[in-house]
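# Coordinate analysis (summary)
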Amino acid sequence: LADYYNRISFATVRRLEQTPELIEDGAFLLIEAGHVCAFNTFGGVMKSAEWDAVVRPMIESREDWLRGMVAVVNTFGWGRWRIQELVPGERLVITVEDSYEATGWRRDYPQSERPRCYLANGGVAGLMNLLYVGDILSSPELTESYYRQLFRGENRFVATEHRCLAKGDEQCEFVAQRLLGA
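This report concerns the structure included in the present document. (Residues numbered from 1 in each chain as written. Predicted model: local features only at pLDDT ≥ 70, side-chain atom pairs only at ≥ 80, totals over all residues. Heavy atoms only, no water.)

## Section: the sheet that holds strand β4 (residues 172-178)
The strand order across the open sheet built from four strands is β1-β2-β4-β3, with neighbouring strands paired in antiparallel fashion. Every other strand in the sheet has two partners, leaving β1 (80-87) and β3 (157-163) as the edge strands with one partner each. The mean angle between the axes of side-by-side strands here comes to 20°, regardless of whether they run parallel or antiparallel. Pairing of β1 with strand β2 (residues 91-97), which is carried by seven bridges, proceeds in the antiparallel orientation. Residue W81 lies in a different strand from β2, and its bridge partner there is V96. Against the sheet, helix α6 (residues 118-133) contacts β1, β2, β3 and β4, and its axis sits at roughly 145° relative to β3. (Pairing = 2+ DSSP bridges. Helix = DSSP H or I, 4+ residues; strand = E, 2+ residues; numbered from the N terminus. Axes fitted to C-alpha atoms, helices over the stretch in contact; angles between N-to-C directions. Contact = heavy atoms within 4.5 Å.)

Shown next, in the form of structure tokens:
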């Protein structure tokens, strides 16, 4: 499934990149897909009976929810996610070794000038939005209006991929910070 997602997303973004004014739009749409995935997948995991039975007993703080979710993400085969820095409610730095998006790009295309881990980028912001903009700890309903509250509000988190294996960096690095006053 990862290769299928990569082929569709990369073909889409490469097509959009043929028109320079659409480059940012293509990246935005694919990162938005990452937001939706994080909201539903990560939110669903953190609301699940399995989370309650296996992970939640070890959690002592809101930040442990993030650590637990990163551990779960590492079972998905999306690369090896590591928390490099966490300033609660303010900033998150995640590195990803062997990101499936970046390794997929490098396998099929020449070295990129741009970061290519769109889904992971949206996922990193999604974790912070679920934990600090919303309150996933209270097990809210994952509705469309709740999604808009978390990902469209003035106090939301956005992530930026600062390093990417697809560009020739050793690993991918994402920084999520609040977009105050958006």
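## Considering the pattern of salt bridges
A side chain of one charge can pair with a side chain of the opposite charge when the charged atoms of the two come close. Tallied over the entire structure, the rule returns 14 salt bridges. With a closest N to O distance of 3.3 Å, E85 and R91 form a salt bridge. For E85, a relative accessible area of 31% puts it in the partly exposed group. Note that E173 and R163 form a salt bridge whose closest N and O atoms lie 3.3 Å from each other. In this pair, E173 sits in strand β4 while R163 sits in strand β3, placing the two residues ten residues apart along the sequence. Residue classification places E173 among the buried residues on the basis of a relative accessible area of 18%. Beyond isolated ion pairs, a larger network of salt bridges with shared partners links D3, R7, R107 and D108. (Salt bridge = Lys/Arg side-chain N within 4 Å of Asp/Glu carboxyl O. Buried < 20%, exposed > 50% of the residue type's maximum accessible area, 1.4 Å probe, protein only.)

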